[in-house]
Amino acid sequence: MCAGSSAVDHRFPGEGAVSKARQQWKSRAGFILAASGSAIGLGNIVFFSANAYKFGAGAFYLPYLIALLAVGVPVMMVEFGLGREKGTSFPLALGRIGGRAGEFAGWFAVVNALMITMYYIAILGWAVGMWWSALAGDLWAETSVAVPAFDVPEGALPNAIASFFDLISSPRNIIFVVFVWLLNIGLVSRGTKTIEGAVKVMVPMIWLIMVGFIIQGLSQPGGVHGVFLLFTPDFSVMGDINVWHGAFAQIFFTLSLGFGIMTAYASYLPKKSDHTTNAVVVSMMNCSFEMIAGFAVFSLLFAFTVTPKASTLSMMFFIMPAAIAELGAAAKLTGAVFFTLLLLAGLSSSISLIEAAVSAVIDKFKTRRVTTVLAVSLVGIAGSVMFALPMVIDGGLDSNGTLGLTILDLIDHYAFGYGLIIVGLVECLIVGWGLPVEKLRATLNSSSSIQLGRWFDIMIKFVVPAILIFVLGYSLLTDVFDVGKEATPGLYGADYVMKGFDALDVIAPVVWLVMTLGIGAALALTPGHKGADGE
Ligand code: PHE
């Protein structure tokens, strides 16, 4: 599929004149860095490894690659193509094809994604808190800390775990969360200008730090065994539906699809941009990063024979720190670098979602940027603070402990497990049948060095929707009839059913539905601007 990038649109002086009001990326490289910065995030560093380990390590690669090629790359082309075709952000772009219903789907996506960003930023706040503890030495000290809020005595837990529970059960974690929001506000304050400046520094740094981790991991005695495990396929798990479900969910999340981000970002490029190649390049950059991150994580873990448990949070805050602690004198600095890596990768993702939401509001309501950034951020901060609520509701540590983390786990189950995939399905149907996809393909082909054939129409109209309906149907089955429930936890936790607090189990899906459907419908129905056609 790769045919080299065209030289036509590396720089586009004067292109901004086409649409005076709409901001533009300064260069194609800036756009690619921003889009790949969005894609490369916590999902690549910890979630992929947690998933790969859970689903038979090497065996996960094949379903993952199939999911990437069958769904990831085509949907990325649709999202970029939409931005190019309509020259506006996600809700208005879908609205111009599917009317009010289309616009509603777009707002549903933005609200759902904003909910994900709220807890994503809460987790980044915790990474900052752990960074602090890493430098202060708490994570690696000889004597273990106590966790008074949980009634856990000193020495009962390894330091990293104790520090994490101490952090999330203390109101100070809210300060870290608000701090990360302030960083985000600064980075999106001037839109593409500030974002492009930031990703040009952040994305290369993320790669550099990751290469450092790989070298460190592989040079540990025994480290290379982790890589062997990663590449030793266990084909027996291929018949397991959970593996496929995990692979498709992972692809959406990791490529930042179903968030409305890629459409907003692509709408800031000139019309003649080569979006087919852009989609291939961004997907490949993301997935190659994900795989090399797997090298680093697995080699470090196996050098110290720590067995990873399949949850992103435990991978981030317990397992990797436990492996790093084994590095002795190097632990302190390595730990701080690890949490810096998480913060950088997470920030380049969270700013993309805030920008997608901000641009959707500006396009529809013609509001001022600064006001819009502040309004979206205030809503976001309120949500993130909720996910950081420190009240301990389960002192036993055998579920999710604090109120905030429990709500996080529950909302994640719906926003990630269902929300993103519903958006993917609906956008394929709207673009596939409504635009229709033949038109999108002709537009994409008109300025691309890669020519898409009729297979693309079939993928978007039939194959991708069929796969996503299957994934959604399977999730529903597991939720309603408990089929294989244990095997399909949410993104961050291992057990989303809160013991002794079942009311939240019912409240969470209701809140998620009311927010996404209710606010989505309200935004779609409020009269506003229809957005540029971009034609
Ligand atoms: N692609 C990001 C990741 O892999 C997910 C994400 C995107 C989260 C945008 C928030 C906002 O971590």
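Residues numbered from 1 in each chain as written. Predicted model: local features only at pLDDT ≥ 70, side-chain atom pairs only at ≥ 80, totals over all residues. Heavy atoms only, no water.

Visitor: In this structure, what is going on with helix α15 (residues 403-434)? I would like to understand it.
Guide: With 32 residues, α15 extends 43 Å from end C-alpha to end C-alpha; this agrees with the ideal 46 Å at 1.5 Å per step. When the local axis directions of α15 are compared, the greatest deviation, roughly 30°, occurs at G419. Burial of α15 is extensive: 27 of the 32 residues sit out of reach of the surface. (Helix = DSSP H or I, 4+ residues; strand = E, 2+ residues; numbered from the N terminus. Expected span 1.5 Å × (residues − 1). Bend = angle between axes of the 7 residues up to and from the residue. Buried < 20%, exposed > 50% of the residue type's maximum accessible area, 1.4 Å probe, protein only.)

Visitor: So what exactly am I meant to see when it comes to the packing of aromatic side chains here?
Guide: Aromatic ring pairs: the centre-centre distance and the angle between the two ring planes describe each pair. Per the stated rule, a full pass over the model turns up 28 aromatic pairs. Pairing F164 with F318 gives two aromatic rings, centres 5.6 Å apart and planes at 70°, and the pair type is edge-to-face. Of the two residues, F164 sits in helix α5 (residues 159-168) while F318 sits in helix α12 (residues 312-325), which places them 154 residues apart along the sequence. Aromatic side chains W455 and F456 sit 5.9 Å apart centroid to centroid with 90° between the ring planes, which places their arrangement in the edge-to-face category. Taken together, the aromatic side chains of W126, F150, F164, F165, F213, F317, F318, F338 and F339 make up a single cluster linked through ring pairs. Its guanidinium or amino end placed over the ring of W433, K461 lies 4.8 Å from that ring's centre, counting from NZ or CZ. (Phe/Tyr/Trp six-rings, centres within 6.5 Å; stacked < 30°, edge-to-face > 60°. Lys NZ or Arg CZ within 6 Å of the ring centre and 35° of its normal.)

Visitor: Is there a simple way to explain the packing of helix α4 (residues 90-136) against helix α6 (residues 172-188) in this structure?
Guide: When two helices pack together, their arrangement is captured by the angle between the axes and the distance separating the axes. Following both chains from N to C, one finds α4 and α6 inclined at 115°, their axes separated by 8 Å at the closest point. It follows from the interaxial angle that α4 and α6 lie roughly perpendicular. As α4 packs across α6, the resulting crossing turns out to be right-handed. Two secondary-structure elements touch here, α4 through I121, A122, L124, G125, W126, V128, G129 and W132 and α6 through N173, F176, V177, F179, V180, W181 and N184. (Axes fitted to C-alpha atoms, helices over the stretch in contact; angles between N-to-C directions. Parallel < 35°, antiparallel > 145°, perpendicular 65-115°, else oblique. Left-handed = near helix turned anticlockwise from the far one by under 90°. Contact = heavy atoms within 4.5 Å.)

Visitor: Help me understand the site of the ligand, please; the structure alone is not making it clear to me.
Guide: Near the ligand you find 14 residues, and of these A39, L42, G43, Y120 and F253 are the closest. Here G43 contributes a backbone N or O atom positioned 2.9 Å from an oxygen atom of the ligand. Summarising the interface, the protein chains cover 100% of the accessible area of the ligand, which totals 330 Å² for the free molecule. Contributing elements (two or more residues each) for the shell around the ligand: α1 (28-39), α2 (42-54), α9 (241-254) and α13 (331-365). (Near = heavy atom within 4 Å. Polar contact = N/O pair within 3.5 Å; in protein donor to acceptor, adjacent residues only side chain to side chain. Areas by Shrake-Rupley, 256 points an atom, 1.4 Å probe, with all protein chains shown as cover.)

Visitor: What is the right way to look at unusual backbone geometry in this model?
Guide: In most cases, non-glycine residues show a negative phi, while peptide bonds are predominantly trans. Note the cis peptide between L435 and P436, where omega equals -5°. The topology assignment puts P436 in the loop between α15 and α16 (437-446). In this structure, D151 is a non-glycine residue whose phi angle is positive, near 65°. What makes D151 exposed here is its relative accessible area of 71%. Not every positive phi belongs to a glycine, and S256 is a case in point at roughly 55°.

Visitor: Help me out: how do you make sense of the environment of I430 in this one?
Guide: Take I430: it is sitting in helix α15. Exposure remark for I430: the relative accessible area of 14% places this residue in the buried category. Separated by 335 residues in the primary sequence, I430 and G95 place their C-alpha atoms 9.5 Å from one another. Apart from the residues within four sequence positions on either side, I430 is in contact with L94, I97, G98, G102, A105 and L435.

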